[in-house]
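# A closer look at the structure
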Amino acid sequence: MSQSAAKIRTVSLILSWLCLIAILCEMAFVPIIWLVPDLARDGISYSDSLMPIPVTDLLVLTGWQLPAVFITLMVPSVVLSFGLWHLRKMFLGFARNAIFEHGTIRHLKIFSIALLSQTLLAPLAGAVMSVLVTITRPEGERAISIGLSNIEATSLFLGGLLLIISWVLGEAVTLHDENRSFV
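The structure reproduced in this document is the subject of the present report. (Residues numbered from 1 in each chain as written. Predicted model: local features only at pLDDT ≥ 70, side-chain atom pairs only at ≥ 80, totals over all residues. Heavy atoms only, no water.)

With that settled, consider the overall build of the chain. Within the chain one finds six helices and zero strands. Along the chain, helices and strands appear, N-terminal first, in the series α-α-α-α-α-α. Looking at the chain as a whole, 34% of its 183 residues qualify as buried. Counting every atom, the chain has about 11,000 Å² of accessible surface; 69% of that belongs to carbon and sulfur. (Helix = DSSP H or I, 4+ residues; strand = E, 2+ residues; numbered from the N terminus. Buried < 20%, exposed > 50% of the residue type's maximum accessible area, 1.4 Å probe, protein only. Areas by Shrake-Rupley, 256 points an atom, 1.4 Å probe, with all protein chains shown as cover.)

This is the structure in structure tokens:
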């Protein structure tokens, strides 16, 4: 095994574990808000892009609003976790030296699409959540808010870049396969 291949294997294994940790954190974030409200209140400020509304507004919800807001918050997390799972599978493929294979590159494409989708879904989920949280308030106190930050813009461009790279790598794998068949 070449020195570069050994580096790819080692770094890919580390990144695959980091993806798994990120998935667990992503999927645990929303439930923690409900299960440990003091931790959420102290650890998240209203200005954080993690929460489009103050945590204190979430803690006073009752009835149908609780599951509706919970599901709304979970949608972007599930989409990103799905993408991170495929990113992890790509890294595991690289660790097995499956670098020039369509299946491995397909995982990168799925991750980039999930990243783009999550980036577009997050502001929409925030808007839906603001409506769900304020819908039972008296007229004049209801609100709809849509927030966009530099994080969303960066994620959008990064997702697009990774999608293009996955297409280019897919073409490279096809050429690699064609060249191998001539020999």
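So, next bit.
With respect to the secondary-structure elements, Thr10 resides in helix 1 (residues 3–35). Through-space distance from the C-alpha of Thr10 to that of Phe94 is 9.5 Å; in sequence the pair is 84 residues apart.

In a structure, side chains of opposite charge can pair up when their charged atoms sit close to one another. On inspection of all chains with the given rule, the structure shows one salt bridge. The shortest N-O distance in the salt bridge between Asp177 and Arg180 comes to 2.9 Å. Of this pair, Asp177 and Arg180 are both found in helix 6 (residues 150–182), three residues apart, which corresponds to roughly one turn of the helix. Among the residues examined, Arg180 registers a relative accessible area of 53% and is labelled exposed. (Salt bridge = Lys/Arg side-chain N within 4 Å of Asp/Glu carboxyl O.)

All told, the structure shown has zero aromatic pairs when counted by the stated rule. Cation over ring: Arg88 sits above Trp17, and NZ or CZ is 5.4 Å from the ring centre. (Phe/Tyr/Trp six-rings, centres within 6.5 Å; stacked < 30°, edge-to-face > 60°. Lys NZ or Arg CZ within 6 Å of the ring centre and 35° of its normal.)

Next up on the list: helix 1. Two residues of an α-helix separated by three or four positions point the same way, owing to the 3.6 residues in each turn. The first and last C-alpha atoms of helix 1 sit 47 Å apart over 33 residues, in line with the 48 Å expected at 1.5 Å per residue. Burial in helix 1 covers these residues: Ser12, Ser16, Cys19, Ile23, Val30 and Ile33. (Expected span 1.5 Å × (residues − 1).)

Their axes nearest at 8 Å, the elements helix 4 (residues 65–95) and helix 5 (residues 102–134) cross at an angle of 165°. As judged from the angle between their axes, helix 4 and helix 5 are roughly antiparallel. In terms of crossing hand, the pair formed by helix 4 and helix 5 is left-handed. Residue composition of the contact of helix 4 with helix 5, grouped by class: 24 nonpolar, nine polar and one charged. (Axes fitted to C-alpha atoms, helices over the stretch in contact; angles between N-to-C directions. Parallel < 35°, antiparallel > 145°, perpendicular 65-115°, else oblique. Left-handed = near helix turned anticlockwise from the far one by under 90°. Nonpolar A, V, L, I, M, F, W, Y, C, P; charged D, E, K, R; others polar.)

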